[in-house]
Amino acid sequence: MGFTSVDILVGQHGDQIEQFVAKGSYPNISIRCFRDGPTLLGTAGAIASILDKLPNTFWVSYADSYVLADIGQANKEFGNEEDSIMVVLHNQDQVETSNVTIDKISNHVTQYVKNPPRGTHEWIDYGILRLTKASFSSIAKDKPVDLREVVLNQITATRMRAFQTNELFWDVGTPDRLQATTQEFQRRGWV
């Protein structure tokens with residue numbers, strides 16, 4: 001069974017996303033949009049602001065990425081719902097600079113670094129995470145907070161597990177990645 005609900009956190013130009021969602025038909029899935037308001041809260045701040053509307057355990061994906069990962073297998077492999085999960089790709093600086101180190105025995109993420117030097121990590125954050133309400137306990141609900149803060153807190157608490165995927169992720173974060181993603185989507189006949 002797949003996801004039955006999706007919550008979209010929107011900021012600037014969020015009205016366009018809300019209009020697009022409202023025009024569609026999505027059988028067997030509930031889609032809700034939530035706005036930050038006049039002050040953009042960052043990913044963690046935006047999640048914290050709607051925490052009371054979320055289940056105890058939920059998945060987060062970045063809006064500029066298309067990812068393929070066996071979420072059912074990840075949930076099965078790491079059944080303890082108190083643990084967070086980071087889906088990772090054994091990248092070795094190929095697609096982008098790798099930014100994650102994992103303990104290969106315990107499958108815990110031990111380091112997550114933003115913009116590290118090349119050659120310091122083997123894995124890359126794939127852009128999809130399982131988190132818990134409890135992992136947001138120290139996050140302000142009305143102030144901008146980057147999701148990195150939640151991730152680092154979970155790593156420090158030895159609560160961030162690594163789930164490996166072998167599928168390449170697709171994103172639009174840079175002009176080069178936008179071009180590669182567009183080409184992949186054209187290859188699949190999606191655009």
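Attention here is on the structure that accompanies the text. (Residues numbered from 1 in each chain as written. Predicted model: local features only at pLDDT ≥ 70, side-chain atom pairs only at ≥ 80, totals over all residues. Heavy atoms only, no water.)

This part is about unusual backbone geometry. In the Ramachandran plot, aspartate 93 falls in the positive-phi region, its phi being about 65° despite a non-glycine side chain. Within the secondary structure layout, aspartate 93 lies in the loop between strand S5 (84-90) and strand S6 (100-103). (Helix = DSSP H or I, 4+ residues; strand = E, 2+ residues; numbered from the N terminus.)

Bringing the pattern of salt bridges into the picture now. Where charged atoms from two side chains of opposite charge come close, those side chains can pair. Across all of its chains, the model carries 11 salt bridges by this definition. For aspartate 83, the salt bridge is made with arginine 159, and the minimal N-O distance between the two is 2.8 Å. Highlighted residues: aspartate 83 in the loop between helix H3 (71-77) and S5 and arginine 159 in the loop between helix H4 (147-156) and strand S9 (160-165), separated in sequence by 76 residues. Owing to a relative accessible area of 7%, aspartate 83 belongs among the buried residues under this scheme. The salt bridge partner of lysine 114 is aspartate 146, with a shortest N-O separation of 3.9 Å. With a gap of 32 residues between them, lysine 114 in the loop between strand S7 (108-112) and strand S8 (123-132) and aspartate 146 in the loop between S8 and H4 connect regions that are remote in the sequence. Since its relative accessible area comes to 52%, lysine 114 is described here as exposed. Here aspartate 146 falls in the partly exposed class, since its relative accessible area comes to 42%. Several salt bridges share partner residues, and in doing so they unite Glu82, Asp83, Arg159 and Arg161 into one network. (Salt bridge = Lys/Arg side-chain N within 4 Å of Asp/Glu carboxyl O. Buried < 20%, exposed > 50% of the residue type's maximum accessible area, 1.4 Å probe, protein only.)

Let us look at helix H5 (residues 175-187). Taking 1.5 Å as the rise per residue, H5 with 13 residues should run 18 Å; its terminal C-alpha atoms sit 18 Å apart, in good agreement. The set of residues buried in H5 consists of Arg177, Thr181, Glu184 and Phe185. Looking straight down H5, one finds that the buried residues subtend no more than 95° of arc, so they occupy a single side. Residues of H5 that are exposed and point more than 90 degrees away from the buried face comprise Pro175, Asp176 and Arg187. (Expected span 1.5 Å × (residues − 1). Arc of directions from axis to C-beta.)

With that settled, consider the layout of surface pockets. By volume, the largest pocket amounts to about 1600 Å³. Around the largest pocket, the lining is made up of 45 residues, and of these Val6, Asp7, Trp59, Val60 and Ser61 lie nearest the centre. Where the lining of the largest pocket is concerned, the elements lending two or more residues are strand S1 (5-10), helix H2 (42-49), strand S3 (57-61), strand S4 (65-66), H3, S8, strand S10 (170-171) and H5. The greatest single-element share of the lining of the largest pocket, amounting to 6 residues, is contributed by S1. (1 Å grid on protein atoms, 1.4 Å probe; cavity = no way out; pocket = protein on both sides within 12 Å on 5 of 7 lines; lining within 4 Å. Points joined across faces, edges and corners; volume = space filled by probe spheres on them.)

Once that is clear, we can look at the packing of aromatic side chains. Centre distance and the angle of the planes are the two values used to describe a pair of aromatic rings. As enumerated under the stated definition, the model contains 5 aromatic pairs in all. Considering the side-chain rings of tyrosine 126 and phenylalanine 169, the 5.8 Å spacing of their centres and the 90° angle between planes classify their relative orientation as edge-to-face. Of this pair, tyrosine 126 sits in strand S8 while phenylalanine 169 is found in the loop between S9 and S10, placing the two residues 43 residues apart along the sequence. Its relative accessible area of 1% is what places tyrosine 126 among the buried residues. We classify phenylalanine 169 as buried; its relative accessible area is 5%. The structure contains a cluster of three or more aromatic residues connected by ring pairs, namely Tyr66, Phe185 and Trp190. (Phe/Tyr/Trp six-rings, centres within 6.5 Å; stacked < 30°, edge-to-face > 60°.)

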